[in-house]
Amino acid sequence: LIGVYTNRHGERWELQLKGSGKTPYSRNGDGRAVLRSSVREFLCSEAMHYLGIPTSRAASLVVSDDDVWRDQFYNGNIKKERGAIVLRLSKSWFRIGSLEILAHSGELDLQRRLLDFIIQEHFPSVAMNDSNRYLEFFSTVVSETANLMALWMSVGFAHGVCNTDNFSLLSITIDYGPFGFMDSYDPNFVPNTSDDERRYKIGNQANVGLFNLSKLLQALNPLLDPRQKQLASQILKGYGEQYYSRFTELFKEKLGLLGQNKNDNYLIAFLLKVSLLC
């Protein structure tokens, strides 16, 4: 993260470099990015924006003179590739993992301070003096995540690595690593060649969204009283209905279906099945 920029429209963007080298969070990685993946992130994030899907944006791409060694297909065939750096923008880069790691290490005071900062900066509908603010925050994230998952499915987008470190607390698409779009409907489509267990296949994205939200709730639990915990569990249970409702709405728009008909869902499922058979 290199800074925060406010444009002439009053929009606040956090600027981040991807591929510029190691940071304290690089773990065992080299912090570099190759040209092919950088071009993919640049093009896809902009495409997603113009498809109307919440996403980070790409501002610039610079080719590096550094040689970067990568095993592209994870088959032991390591090759030298051209490096690159993407300047990318987002309203926020905080993820579910940002809160999860603090809860895991027992840093509850820091977690509370960070959560209050996130709410104050990015969740204007949540009142800071409300004793239920963490509950309201969680409810918003659940609702917006359900919406994002449905939007992904509406364009056949598979993220590829939907872990909590790649799930935005603002429910936007971030971290374009191994992603892909389906050419034809296939619920078993996996864009990540290293995903041998097919955990992140496109047909499982909604369930992975639920799993990540459950991890967020686990991280928030130490900050909630018994009544709030019970209410938060009920909110999480409503995720599936919210997702399915938005999914149906989006596909009805694609088909030009107006009003309500008990056969709408059957028609959508039938057409997807026909597409699968084709």
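Residues numbered from 1 in each chain as written. Predicted model: local features only at pLDDT ≥ 70, side-chain atom pairs only at ≥ 80, totals over all residues. Heavy atoms only, no water.

As named in an unreviewed UniProt entry, the chain is Selenoprotein O, taken from Grallaria varia. According to the UniProt record, the Cofactor (unreviewed entry) comment for the chain is "Mg(2+)". (UniProt positions renumbered as here; feature names shortened; annotations may be inferred.)

## Digging into the pattern of salt bridges
Pairs may arise between side chains of opposite charge once their charged atoms sit close together. For the structure on display, the rule yields 16 salt bridges. Between Glu121 and Arg12 there is a salt bridge whose closest N-O contact spans 3.9 Å. Within this pair, whereas Glu121 is found in helix H3 (residues 108-122), its partner Arg12 is found in strand E2 (residues 12-18), the two being separated by 109 residues in sequence. Looking at Arg12, the relative accessible area reads 27%, which means it is partly exposed. Between Arg95 and Asp175 there is a salt bridge, with the nearest N and O atoms lying 2.5 Å from each other. Linking Arg95 in the loop between strand E4 (79-90) and helix H2 (96-104) with Asp175 in the loop between strand E5 (157-158) and strand E6 (180-181), this pair joins segments that are 80 residues apart in sequence. Within the structure, one salt-bridge network assembled from shared partners comprises Lys18, Glu41, Arg88, Arg95 and Asp175. (Salt bridge = Lys/Arg side-chain N within 4 Å of Asp/Glu carboxyl O. Helix = DSSP H or I, 4+ residues; strand = E, 2+ residues; numbered from the N terminus. Buried < 20%, exposed > 50% of the residue type's maximum accessible area, 1.4 Å probe, protein only.)

## Observations concerning the environment of Glu121
A relative accessible area of 37% means that Glu121 is categorised as partly exposed. Distance from Glu121 to Arg12, taken between C-alpha atoms, is 10.0 Å for residues 109 residues apart in sequence.

## Some remarks on the domain arrangement of the chain
When cut into domains, the chain gives domain 1 (3-90) and domain 2 (96-254). Just the C-alpha atoms count here: the centres of domain 1 and domain 2 sit 22 Å apart. Contacts between the two partners involve 20 residues from domain 1, matched on the other side by 20 residues from domain 2. Our count for the contact surface shared by domain 1 and domain 2 stands at two salt bridges. (Domains from an automatic or database assignment. Contact = heavy atoms within 4.5 Å.)

## Some remarks on the nonpolar core
General note: in soluble globular proteins, nonpolar side chains tend to be found buried as a group. Counting residues in hydrophobic clusters, the biggest one holds 54 residues, and the most contacted among them are Leu99, Phe137, Trp152 and Leu216. By residue number, the principal contributor to this core is helix H4 (residues 133-154), which donates 13 residues. Mapped onto the domain boundaries, this core takes at least three residues apiece from domain 1 (3-90) and domain 2 (96-254). Excluding its chain neighbours within four sequence positions, the residues that come into contact with Phe137 are Leu99, Leu115, Ile118, Ile119, Phe123, Val126, Leu169 and Leu220. (Core = buried A, V, L, I, M, F, W, Y, C linked by side-chain atoms within 4.5 Å.)

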